[in-house]
Amino acid sequence: MHKRIVTLTLNPAVDSSCTADKVKAIHKVRTTNERYDPGGGGINVARVLNELGAGSFAVYLAGGRPGDVLDELITQAGVMSHRVHILESTRMSHVVFEESSGQEFRFTPEGPQIRRSEWQAALDFIEMLDFDYVVASGSLPRGVPEDVYARLAVSVKRRGGRLILDTSGPALAAALEEGVYMAKPSRGEFAGLVGRNLEDPKDLEEAAQEQVAAGGAELLAITLGHDGAMLATQDGIHRLATPKVTARSAVGAGDSFVAGMAFGLSRGEDVRRAFALGVAAGTATVLTSGTELCHQSDIEHFWKLLLTSE
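Reading the values: rules and limits
Residues numbered from 1 in each chain as written. Predicted model: local features only at pLDDT ≥ 70, side-chain atom pairs only at ≥ 80, totals over all residues. Heavy atoms only, no water. UniProt positions renumbered as here; feature names shortened; annotations may be inferred. Pairing = 2+ DSSP bridges. Helix = DSSP H or I, 4+ residues; strand = E, 2+ residues; numbered from the N terminus. Axes fitted to C-alpha atoms, helices over the stretch in contact; angles between N-to-C directions. Contact = heavy atoms within 4.5 Å. Salt bridge = Lys/Arg side-chain N within 4 Å of Asp/Glu carboxyl O. Buried < 20%, exposed > 50% of the residue type's maximum accessible area, 1.4 Å probe, protein only.

Going by the annotation in an unreviewed UniProt entry, the name recorded for the protein is Phosphofructokinase, with Ectothiorhodospira marina given as the source organism. What UniProt records for the protein under Sequence similarities (unreviewed entry) is the sentence "Belongs to the carbohydrate kinase PfkB family."

Rendered as structure tokens:
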């Protein structure tokens, strides 16, 4: 029996989404199709893992009445979890799809101030779990040190596990100095990390190979938006184009990519097949509206398509 994949979300959110004909300043904007989902990087990853039939266990920080709502939504989503209670309130984000233009408006609060005892409690709890993989995903809330994911990397490696990390900025830099199993920045996030313009594909490949050779990440998956994704390993570079679809919403696409790839790796798929599964999950998510994520049937469809196109 496979061990559950543990996910960590330090800055989760109650995600709400809706549709409006037109978003206009001052005017009252009437909305339809309202929905509420548990959000934040690691929680989204856990939701997709559950959709794929994998066991997941989400560890997250949450406080106040919004934290209680988040608990209810996580339970409704069927995700096994552990909440670390915090003093301040969990953030609430909002996504509005404007039908008249096809544009999406995303409102994302900065979130609560976290105390040392709170974020440390999350790391301590993960220490007690049994896992092969830990997925840490999302931005750092205020008060959490930039090296928190680096500390997690040390802990996970000590336990013989593998850390998959999806974050950016100083938190990513600190973790890569320690070394992680897999990192998934976007092209813009990776360019910011290395301090270079990486629009040229050759420059991007060179920088990615340098990072892998230096031991920052055994696998470096870089998402490229409409251009697909790129994977750098010790064996070289692998690219996949995103299947052509009519995008409905980009919310959670990166998290879905991480979940798909983590699922594949945890089930013993070779790296290239797991990479294709990640691209398939990310593609499947852009088909859904607002804060809804992907469906297993769509993931399987795109995965087969990607594997046969190689």
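Here the narrative resumes.
**Student:** So what's going on with the sheet that holds strand S13 (residues 236-240)? Which residues, and what values?
**Tutor:** Read from one edge of the open sheet, nine strands run S5-S4-S1-S8-S9-S10-S11-S12-S13, paired in mixed fashion. Of all the strands in the sheet, the pair left with one neighbour each is strand S5 (80-85) and S13. Across this sheet, the average inter-strand angle for adjacent strands is 20°, counted without regard to direction. Across two bridges, the pairing between strand S9 (residues 162-166) and strand S10 (residues 180-183) is parallel. What sits directly across from Ile 164, in S10, is Met 182. Across the sheet, helix H4 (residues 148-158) touches strand S1 (5-9), strand S8 (133-137), S9 and S10, and the angle it forms with S9 is around 160°.

**Student:** Give me the pattern of salt bridges: which residues, what numbers.
**Tutor:** Counting across every chain of the model gives 14 salt bridges. Among the salt bridges present, the one from Asp 37 reaches Arg 35, with a minimum N-O distance of 2.7 Å. Accessibility expressed as a relative area gives 31% for Arg 35, which makes it partly exposed. Close ionic contact of Arg 151 with Asp 147 constitutes a salt bridge, the shortest N to O distance being 3.0 Å. The network of salt bridges with shared partners includes Arg 35, Asp 37 and Arg 47.

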